[in-house]
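# Analysis of the macromolecular model
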Amino acid sequence: MHGRRWAAGASVLALLLAAAAVPASAQAPAPEQVCSLGDDRLAEVSGLAADEGSWYAVNDGGTSIEVFVLGKDCSVQDVLTDPTDPYDVEDLALAPDGTLWLGDTGDNRKQRDTVALHALSPGGPATLYRLTYPDGARDAEALLLDRSGTPYIITKNVLGGSEVYRPSAPLASPGPTPLEKVGSLSLSATDTPGGPVGTAGSLLVTGAATNADGSVFAVRTYTDAYLYPAPDGDVVAALQRSPVRVPLPDEAQGEAIAFEPDGSLLSVSEGVGSPVRIVRGAAGLVDVETTPSEPAQSDSAAGGSPAPAAEQDSSGVPVLPGIAIAVGVAAMLVFGFSKLRRR
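Starting afresh in each chain, residues are numbered from 1 along the sequence in its written order. The predicted origin of the model limits local features to residues at a pLDDT of at least 70 and limits the giving and counting of side-chain atom pairs to 80 or more, whereas totals for whole chains, interfaces and linings rest on all residues. Where side-chain values are given, they derive from all heavy atoms of the structure, hydrogens and water being excluded.

## A closer look at the overall build of the protein chain
Looking only at helices and strands, the protein chain features 3 helices and 20 strands. Within the protein chain, the fraction of its 343 residues that count as buried is 55%. The helix and strand labels rest on DSSP assignments: H or I over at least four residues marks a helix, E over at least two residues marks a strand, and numbering proceeds from the N terminus. Relative accessibility decides the category of a residue: with a 1.4 Å probe and only protein chains considered, values under 20% of the type maximum give buried, values over 50% give exposed, and everything between is partly exposed.

## Details of the environment of Val 288
Counting through the fold element by element, Val 288 comes out in the loop between strand 20 (275-279) and helix 3 (322-338). Val 288 sits in the buried class, given a relative accessible area of 14%. Through-space distance from the C-alpha of Val 288 to that of Asp 232 is 9.3 Å; in sequence the pair is 56 residues apart. Should any heavy atoms of two residues lie within 4.5 Å, those residues are counted as being in contact. Setting aside residues up to four positions removed in sequence, Val 288 forms contacts with Ser 215, Val 216, Pro 229, Ala 230 and Pro 231.

## Concerning the sheet that holds strand 7 (residues 100-104)
With mixed pairing, the 8 strands of this open sheet are ordered in space as 6-7-8-9-13-12-11-10. At either end of the open sheet lies a strand with only one pairing partner, and these are strand 6 (91-94) and strand 10 (140-145). Each strand of the sheet is rotated relative to its neighbour by a mean of 30°, with strand direction disregarded. In this analysis, strands are considered paired if DSSP registers two or more bridges between them. Summarising the sheet, strand 9 (residues 126-132) and strand 13 (residues 177-186) pair through 2 bridges and their orientation is parallel. Directly across from Leu 131, in strand 13, lies its bridge partner Thr 177. Orientation is described by axes fitted as lines to C-alpha atoms, over the contacting stretch for helices, and by angles from 0 to 180 degrees between their N-to-C directions.

## Side note on the confidence of the model for the protein chain
A residue's pLDDT is the confidence the predictor assigns to it, expressed on a 0 to 100 scale. Here the protein chain shows a mean pLDDT of 83. Residues at 70 or above account for 77%. Long-range and interchain partners of residues 329-334, a stretch whose pLDDT sits below 50, account for 7 contacts in this model, where long-range means more than four residues apart.

## Regarding the sheet that holds strand 20
Spatially, 1-20-19-18 is the arrangement adopted by the 4 strands of the open sheet, whose pairing is antiparallel. Two strands in the sheet have a free side with no partner beyond their single neighbour: strand 1 (32-36) and strand 18 (254-259). Across this sheet, the average inter-strand angle for adjacent strands is 25°, counted without regard to direction. In this sheet, strand 20 lies alongside strand 1 in antiparallel orientation, the contact comprising 4 bridges. The residue bridging Gln 33 from the neighbouring strand is Arg 277, located in strand 20.

## Quick notes on the state of the cysteines
The disulfide definition used here is simple: a pair of cysteine sulfur atoms within 2.5 Å. A complete count under the given rule lists 1 disulfide for this structure. Here Cys 35 pairs with Cys 74 through a disulfide, and the sulfurs are 2.0 Å apart. Here the disulfide of Cys 35 and Cys 74 is right-handed, its torsion about the S-S bond being about 75°. One end of the pair, Cys 35, is in strand 1; the other, Cys 74, is in the loop between strand 4 (65-70) and strand 5 (76-82), and 39 residues separate them in sequence. Of the two residues, Cys 35 and Cys 74, neither departs from the other in class, the shared state being buried.

## Topic: the nonpolar core
Leu 144, Tyr 152, Ile 154, Val 219, Tyr 228 and Leu 239 are the most contacted members of the largest nonpolar core, which has 19 residues in total. Taken together, the elements giving at least two residues each to this core come down to strand 10, strand 11 (151-155), strand 13, strand 14 (205-210), strand 15 (216-221), strand 16 (224-229) and helix 2 (235-238). We define a nonpolar core as any set of buried Ala, Val, Leu, Ile, Met, Phe, Trp, Tyr and Cys residues linked to one another through side-chain atoms lying within 4.5 Å.

## Quick notes on the packing of aromatic side chains
For any pair of aromatic rings, geometry is given as the distance between the ring centres together with the angle between the planes. Two aromatic rings from Phe, Tyr or Trp, using only the six-membered ring of Trp, form a pair when their centres are within 6.5 Å; if the ring planes differ by under 30 degrees the pair is stacked, by over 60 it is edge-to-face, and anything between is tilted. Applying the stated criterion across every chain yields a total of 2 aromatic pairs. Arranged with centres 5.7 Å apart and planes meeting at 20°, the rings of Trp 101 and Tyr 129 form a pair that is stacked. Residue Trp 101 is located in strand 7, and its partner Tyr 129 is located in strand 9; the two are separated by 28 residues in the primary sequence. Residue class for Trp 101 comes out buried when judged on its relative accessible area of 12%. Given the relative accessible area of 16%, Tyr 129 is considered buried.

## As for the pairing of strand 18
Buried residues dominate strand 18, accounting for 6 of its 6 residues. As judged from the 5 bridges shared by strand 18 and strand 19 (residues 265-269), these two strands associate in the antiparallel manner. In the strand pairing of strand 19, Gly 254 is matched with Ser 269. Taken together, strand 18 and the strand that follows it, strand 19, pair antiparallel across an intervening segment of 5 residues, in which Gly 263 is found at a positive phi of about 95°.

## Some remarks on unusual backbone geometry
For the bond running from Ser 173 to Pro 174, omega is 0°, close enough to zero to count as cis. Inspection of the secondary structure assignment puts Pro 174 in the loop between strand 12 (161-167) and strand 13. Between Gly 175 and the following residue, Pro 176, the backbone shows a cis peptide bond with an omega angle of 15°. Mapped onto the fold, Pro 176 is located in the loop between strand 12 and strand 13. Of note, the phi angle at Cys 74 is positive, near 75°, even though the residue is not glycine. You can call Cys 74 buried: its relative accessible area is 5%. Notably, Lys 110 is not glycine yet its phi reads approximately 55°, a positive angle. Looking at the element boundaries, Lys 110 is found in the loop between strand 7 and strand 8 (115-120). Lys 110 sits in the partly exposed class, given a relative accessible area of 46%.

Next comes the structure, spelled out in structure tokens:
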């Protein structure tokens with residue numbers, strides 16, 4: 001019974017959102033499969049990073065820190081561990097000095113007093129940094145590092161409006177360090193197939209990545225990636241500009257994304273056997289050189305409307321029929337409760 005209701009709701013939502021779908025950039029190539037994650041330990045990959053020689057993958061959740069070092073044939077070559085028990089790891093970022101940053105920011109129930117970052121140094125232990133939101137608990141699955149190493153957290157919102165936060169002071173261990181809201185994103189629905197919740201999944205931010213020189217930022221949903229130009233490395237300004245949309249179709253639950261050093265974009269879904277796919281030369285689709293130093297007109301003082309969007313209200317959330325939003329909320333409640341963490 002629940003399956004029939006969900007299927008009907010998703011179908012209605014897909015029809016209602018179709019009119020607001022955002023066309024893909026005409027020059028974006030299709031993803032190519034590189035290899036598949038056949039190791040049973042890689043069942044819930046939610047974060048991905050890459051350097052010249054390896055890929056790094058982290059699972060959703062877990063009771064200790066485990067970062068899998070992968071060859072570029074998807075084989076597990078090493079596992080970097082630390083006994084720290086995270087709550088809900090959702091993303092992974094690689095700093096220029098080789099430190100792996102784990103975004104322990106998942107909060108489906110929105111009940112955490114603090115979220116956390118874990119900095120896993122090469123050959124060393126992990127350092128815990130607790131963080132607090134200024135305006136209540138948030139669920140977030142996306143972590144960005146800028147050129148200076150400052151972390152940015154992007155929330156996951158059922159209506160497609162995501163918030164951007166960064167530490168308001170130098171990180172302290174164990175903290176907590178307060179976060180400040182510095183921007184917002186407002187994505188529109190697309191018709192890219194995939195994800196666990198139909199068209200509604202094209203509104204939900206599930207991961208992020210920074211290219212090697214910090215001039216392009218990627219934000220992904222279950223179905224698409226958005227590439228933002230950052231000629232000066234400024235995350236807030238970049239996320240107010242118009243991005244290039246790169247479809248990532250047919251990923252069952254696509255949450256992980258990373259840039260290769262050459263600017264190619266990697267993506268992978270949760271699930272054993274999921275393919276690692278590559279969009280070659282993706283960063284080159286973004287014209288960083290001719291991007292104006294000032295961002296596009298913002299929808300508020302705190303942030304802008306970076307995606308090619310439908311008509312918007314003053315909050316920056318795409319204006320869609322009321323019934324579509326109601327169905328979308330219902331769909332995400334069903335999905336959210338099905339994914340509650342084990343504790």
